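# Chain and residue survey
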Amino acid sequence: MKKYVLKIDKKYFIFFLSTYLLMLSVFFFTSIGTESYRFFLNMRRYFPVAVVVTLAFFYWNYYDFPIKKILPDCFIGIAWILTHNILDYFAYRNVSTNINNFFDIAFGGYVFSLLIFLRIFLYLVFKRSSKFINFMFGFIQTILLLIPLIELSYFSYYYTTISTAASIAFLQSNPNEVKEYLLQNIGVLGIFCFIVGVSLLCIFLIRQNKLEISSKITSVDFRKNRKPFLVLLVLIFSISIYLPKCFAGTGVIHSMLGAKQYLDNAKKFEKYHKEKFNQLQVITSANKFAKPSTIILVIGESAGRNFMSAYGYSGNDTTPWLRQSIENDGTHFLRFNHAYSSYGSTIQSLERALTEKNQYNNKEFSQSLTIIDLAKKAGYKTYWFSNQSVKNTADTPIQLVARTADVTHWVEDGAERNRVLYDGDLLPYLKGVNANENNFIVLHVMGSHELTLHRFPPEFTRFGTAGVFDLVSNYEDSMAYDDWVLQQIFLYAKDNLNLQAMIFFSDHGANPYRKRVADNIPFINLRIPLIIYLSDEYEKLYPQTTSILKKHENQYFTNDLMYELIGGILQIKSDHLDEKNNLSSEKFQFTRDTLKTDLGRKNIKDDYNEDKIE
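This is a predicted model, so every value here is computed, not measured.

## Considering the sheet that holds strand S7 (residues 499-506)
The strand order S5-S4-S6-S2-S7-S8-S3-S9 describes an open sheet built from 8 strands, whose pairing is mixed. Lying at the two open borders of the sheet, with one neighbouring strand each, are strand S5 (407-410) and strand S9 (556-558). On average, each strand axis in the sheet is tilted by 20 degrees relative to the strand beside it, whichever way the strands run. Bridge analysis of strand S3 (residues 333-340) against strand S8 (residues 527-534) gives 6 bridges, and the strand direction is antiparallel. The partner of Phe333 across the bridge, within S8, is Tyr533. Across the sheet, helix H12 (residues 320-328) touches S3, S7 and S8, and the angle it forms with S3 is around 115 degrees.

Listed below in structure tokens is the structure:
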């Protein structure tokens, strides 16, 4: 008897180990740029999944059900574990620096287990396999299989996975557009074959669910032995609590939910924005540039001033061009020494930096005017060029602001599919700007975003070893590369676009010596650069603004006040611009003692070691 039990235990242990290793292997081999801590996190994440999968297999065996009758459930689980991860890897392996899909794998395991536990529970309750149970599970299994099958079909046609951008296009389509799309791409015969195929699949799965109930099921009496029911209920309840979150994180569903969130926010934004923009009245300066001119705003990513040689960092010369420009031409290049982010994450930071919304008022993003609106009212043609990703994410506030510009380009939209994209890929877009117009250009770079090894071409490696992962040297090299990109933007605009002002600030900072945290963000992750270039003509035309900005170089500032600063540099007055929030105004009200960060939860005055890297 002991030998028999040991044999059974060994069988389930091997099953558990195989399941666990399968999930880890799929994650490992279909991921790119995944840090070791993420892999260890998934080692913990997939352990309970493998446990419940093994329990499901055990219970099915325990009640003497034929193994072949769970093959449809096995196929569903494996389809979810493999499909999105493998397709996403092949779609983006040459252009992406961060592929980290883990929810599909967990969902595949959990949904397999839940289907098994539910079936056993229903058989225990009803003591038989009914047509209703067979139909219900056959229908559910068909729906669950449709998503991987649709993604496979989509990939075979477009050679990519279903992204947020594709989901937005789908959700924006009306029934007639969907009909036209299907007729154009797969035709009547294709639609007919799809309907027939799904129907046959559903019938097959319903038939597969028919089985004979064993005596172990019929002999269980709830009144005498409640344990089997209670154990199954606990397992079903436990999985059901987590499964919706897991499902929402899977590839296709995450894209669809992101698209829905984007469109919902877009509706709110558009509802108010058009009316508010039309009502916006501005007074522009009587002093005008001699010929059409350009103002440029460059939004950095994860650039911490503590690691910039332009701010005194001594580890390496990470920003040589900015440093030399400030040292050799401090008249035109103004360095603001105490700038902070309002938050340590891009979306929350920039939805404030780009609009009227800030830490000190109660404005809703959807009802706020933007820097693009100010520039348009000041008579500028507006451009937004970005190297940030939009295909697999919906950074709703940023995209909504960006898409109000007259001209928008995301590098990945027109990118080659066989290489990684860098911030230098933004430079060609400047050649499309008309030098005979007044231009306001926003460039949003990837900068020093996580996985900094992939933020600069290997040939630009200066401080580390090309292609070798090292948090600190990779971060320094990414900053040095973007310093070069800033130089190229400046030189082209100065020589070709009559550049009058160029502003560079970052969404938030970073610390390569420490892992990024979502809560209790340290001050070093909130310290950012703010550097402004003003031309000779600008300084002569607007001496008061120039003088105030120079006087405020040592003033404390948070980037949620960029909206007013941009308005000040554009030389406009409006009821929608608060002079007390404008760093270029004598009325600027904030000091080190009154400024806040971390969405108002921290006081800047509590940053006692501002120049210290810790």
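And the narrative resumes.
## Regarding the packing of aromatic side chains
In the structure shown here, the tally under the stated rule is 48 aromatic pairs. Taken together, a centroid distance of 5.4 Å and an interplanar angle of 55 degrees make the contact between Phe333 and Phe490 tilted. You can see Phe333 sitting in strand S3 and its partner Phe490 sitting in helix H16 (residues 471-496), a full 157 residues away along the chain. Residue Phe333 is classed as buried on the basis of its relative accessible area of 7%. When the ring of Tyr383 is compared with that of Phe385, the centres are 5.8 Å apart and the planes differ by 55 degrees; the resulting orientation is tilted. A relative accessible area of 2% places Tyr383 in the buried class. For Phe385, a relative accessible area of 1% puts it in the buried group. When the ring centre of Tyr311 is taken as reference, the NZ or CZ atom of Arg335 above it lies at 5.6 Å. Taking the ring centre of Phe523 as reference, the NZ or CZ of Lys602 above it sits at 5.0 Å.

## Regarding the pairing of strand S4 (residues 381-386)
Among the 6 residues that make up S4, 5 are buried, leaving the element largely enclosed by the rest of the structure. Sheet topology note: the S4/strand S6 (residues 439-444) ladder contains 6 bridges and is parallel. Directly across from Trp384, in S6, lies its bridge partner Val442. One ladder, built from 4 bridges, connects S4 with S5; its direction is parallel. Of the residues in S5, the one forming a bridge with Trp384 is Thr408.

## What about the confidence of the model for the protein?
Where the model shows low pLDDT, its predicted coordinates should not be examined in detail. In the predicted model, the protein carries a mean pLDDT of 89, and the fraction of residues at 70 or more is 94%. A low-confidence stretch, residues 1-7 (pLDDT under 50), is modelled with 0 contacts involving residues beyond four sequence positions or located in other chains.

## A few points about empty space enclosed by the protein
Left-over empty space is what a probe sized like a water molecule reveals as it rolls over the atoms. All chains considered together, the criterion is met by 4 cavities of 30 Å³ or more. Contributing to the lining of the largest cavity are 15 residues, with Ala303, Met479, Asp482, Asp483 and Phe504 lying nearest its centre. Ranked by residue count, the leading element in the lining of the largest cavity is H16, at 5 residues. Each residue belonging to the lining of the largest cavity can be placed in one class, and the counts come to 7 nonpolar, 5 polar and 3 charged.

## Things to note about helix H8 (residues 187-208)
An ideal rise of 1.5 Å per residue puts 32 Å on 22 residues; H8 measures up with 31 Å between its terminal C-alpha atoms. Listing the buried residues of H8 in full gives Gly187, Cys202, Leu205 and Ile206. Seen from one end, H8 has its buried residues packed into an arc of 155 degrees, which puts them on one side. Seen from the buried face of H8, the exposed residues on the opposite side, beyond 90 degrees, are Val188, Leu189, Phe192, Leu200 and Arg207.

## Considering unusual backbone geometry
We note that Tyr159 has phi near 60 degrees; this positive angle belongs to a residue other than glycine. Position of Tyr159 among the secondary structure elements: in the loop between helix H5 (131-158) and helix H6 (164-172). At Leu451, a residue that is not glycine, the phi angle is positive and equals roughly 65 degrees. By the element assignment, Leu451 lies in the loop between S6 and H16.

Rules and cut-offs
- Residues numbered from 1 in each chain as written.
- Predicted model: local features only at pLDDT ≥ 70, side-chain atom pairs only at ≥ 80, totals over all residues.
- Heavy atoms only, no water.
- Pairing = 2+ DSSP bridges.
- Helix = DSSP H or I, 4+ residues; strand = E, 2+ residues; numbered from the N terminus.
- Axes fitted to C-alpha atoms, helices over the stretch in contact; angles between N-to-C directions.
- Contact = heavy atoms within 4.5 Å.
- Phe/Tyr/Trp six-rings, centres within 6.5 Å; stacked < 30°, edge-to-face > 60°.
- Buried < 20%, exposed > 50% of the residue type's maximum accessible area, 1.4 Å probe, protein only.
- Lys NZ or Arg CZ within 6 Å of the ring centre and 35° of its normal.
- pLDDT = per-residue confidence, 0-100.
- 1 Å grid on protein atoms, 1.4 Å probe; cavity = no way out; pocket = protein on both sides within 12 Å on 5 of 7 lines; lining within 4 Å.
- Points joined across faces, edges and corners; volume = space filled by probe spheres on them.
- Nonpolar A, V, L, I, M, F, W, Y, C, P; charged D, E, K, R; others polar.
- Expected span 1.5 Å × (residues − 1).
- Arc of directions from axis to C-beta.

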